[in-house]
Amino acid sequence: MFDYSLYNTPEILSLLALVPIGTDRYLGQSHFMGSPNVFGGQVLGQALHAAAQTVPQRRPHSLHSLFILPGNHRLPIEFEVERVRDGGSFSTRRVVAFQDGKRIFVMSASFQDEEVGLSHQKPMPEAPDPETLPSAIAGWKERAKASGRQFVPVPADFRMVGGADLYGNPSRETGKQVWLRAPMMLPDAALVHESLFAYVSDYSFLVTALQPHGVTLGDPRLQIASLDHTIWFHRPFRMDQWLLICMDSPNASGGRGLALASVYDQKGQLVVTMAQEGLMRLREKK
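Scope of this entry: the structure provided in the associated data block. (Residues numbered from 1 in each chain as written. Predicted model: local features only at pLDDT ≥ 70, side-chain atom pairs only at ≥ 80, totals over all residues. Heavy atoms only, no water.)

Things to note about unusual backbone geometry
Phase 1: Phi at Asp24 is positive, roughly 60°, even though this residue is not glycine.
Phase 2: Residue Asp24 is classed as buried on the basis of its relative accessible area of 14%.
Phase 3: Here the phi dihedral of Asp100 falls at roughly 55°; this positive angle occurs in a residue that is not glycine.
Phase 4: With respect to the element layout, Asp100 can be found in the loop between β5 (90–99) and β6 (102–112).
Phase 5: What makes Asp100 exposed here is its relative accessible area of 67%. (Buried < 20%, exposed > 50% of the residue type's maximum accessible area, 1.4 Å probe, protein only. Helix = DSSP H or I, 4+ residues; strand = E, 2+ residues; numbered from the N terminus.)

Right under this line is the structure:
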């Protein structure tokens, strides 16, 4: 039987829908994700939602963001949208997120009219049917309980391929695959699916760059933080239908790690490509 207590999808959708507080200005709330800092995916999803309010007739095709300062989950976040340009078929927006008067995040996003043109894609790799795989969420709850941490419900079901662990088991492999899907039917509005995907796209994506080194998130030497995050939207998709995320880390150097991902729907269509670089430091134990 499906345990809906493990999921907080309605709460997250409400969190991503911002309140207008002026011309191209919006206010968003934050929530606890196990850390005093604001979850990066939350700010991504909220910033995309803010930008999209000023481009109602066009869909986002890319966003490029920088995390400047850690946010405080106890404080609201103010988003200011700059209408950089509206062209014949593209619109450009810049979003700055403020908290306590300080810039904590900036994002540039581009929106486009629907258009038909040349089309090709990288083929979808082999992957088992997600319905044959166990959900990872109950295991995350048990792991949190065993370590004395609070379990925070999640907005999507995650199913790992090949025994991988989203949070970074010391497999020494450079990549992993995971199926994800919202646990309930969602509204048809495209922005609901796009902003929710932006939220979940930050779920331990960067941890992929730790795997080749046998380092996990629980390592007391580890200092890790997102620096930037880019998403390219290629084709329409729904978050209440299964998506396969194929992650890989081509490089780690200079105290930073890079993770890339291709995202496919069950028809084999490449719907999203994304990249994230983050700070990864191993400090000597004192």
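Concerning the sheet that holds strand β2 (residues 25–28)
Phase 1: Pairing in this open sheet of 12 strands is antiparallel, and the strands run β1-β2-β4-β5-β6-β3-β9-β12-β11-β10-β8-β7 from one edge to the other. Lying at the two open borders of the sheet, with one neighbouring strand each, are β1 (19–22) and β7 (157–160). Pairs of neighbouring strands in the sheet enclose a mean axial angle of 25°, with direction left out of account.
Phase 2: As judged from the six bridges shared by strand β8 (residues 175–181) and strand β10 (residues 243–253), these two strands associate in the antiparallel manner. Within the sheet, the bridge partner assigned to Leu180 lies in β10 and is Leu243. (Pairing = 2+ DSSP bridges. Axes fitted to C-alpha atoms, helices over the stretch in contact; angles between N-to-C directions.)

Quick notes on the side chain of Ser110
Phase 1: With respect to the helices and strands, the residue Ser110 is situated in strand β6.
Phase 2: Given the relative accessible area of 14%, Ser110 is considered buried.
Phase 3: Among the polar contacts listed, one links the side chain of Ser110 to the side chain of His61, at a separation of 2.6 Å.
Phase 4: In this view, Ser110 contacts Arg59, Pro60, His61, Ser62, Phe90 and Ser91; residues no more than four positions away in its chain are not counted. (Polar contact = N/O pair within 3.5 Å; in protein donor to acceptor, adjacent residues only side chain to side chain. Contact = heavy atoms within 4.5 Å.)

Notes on the packing of helix α1 (residues 9–16) against helix α4 (residues 190–200)
Between two packed helices, both the angle of their axes relative to each other and the distance between the axes serve to describe the pair.
Phase 1: Their axes nearest at 10 Å, the elements α1 and α4 cross at an angle of 105°. Classified by the angle their axes make, α1 and α4 are roughly perpendicular. Contacts between α1 and α4 involve Thr9, Ile12, Leu13 and Leu16 from the first element and Val192, Ser195, Leu196 and Tyr199 from the second.
Phase 2: Along the lines of polarity and charge, the residues of the contact of α1 with α4 split into six nonpolar, two polar and no charged. (Parallel < 35°, antiparallel > 145°, perpendicular 65-115°, else oblique. Nonpolar A, V, L, I, M, F, W, Y, C, P; charged D, E, K, R; others polar.)

Quick notes on the packing of aromatic side chains
Two aromatic rings are characterised by how far apart their centres lie and by the angle between their planes.
Phase 1: Within this structure, the stated rule accounts for eight aromatic pairs.
Phase 2: Seen from their ring centres, Tyr199 and Tyr203 are 6.3 Å apart, and the 50° between their planes marks the pair as tilted.
Phase 3: Here the aromatic cluster, defined as three or more aromatic residues joined through ring pairs, consists of Phe39, Trp140, Phe158, Tyr199 and Tyr203. (Phe/Tyr/Trp six-rings, centres within 6.5 Å; stacked < 30°, edge-to-face > 60°.)

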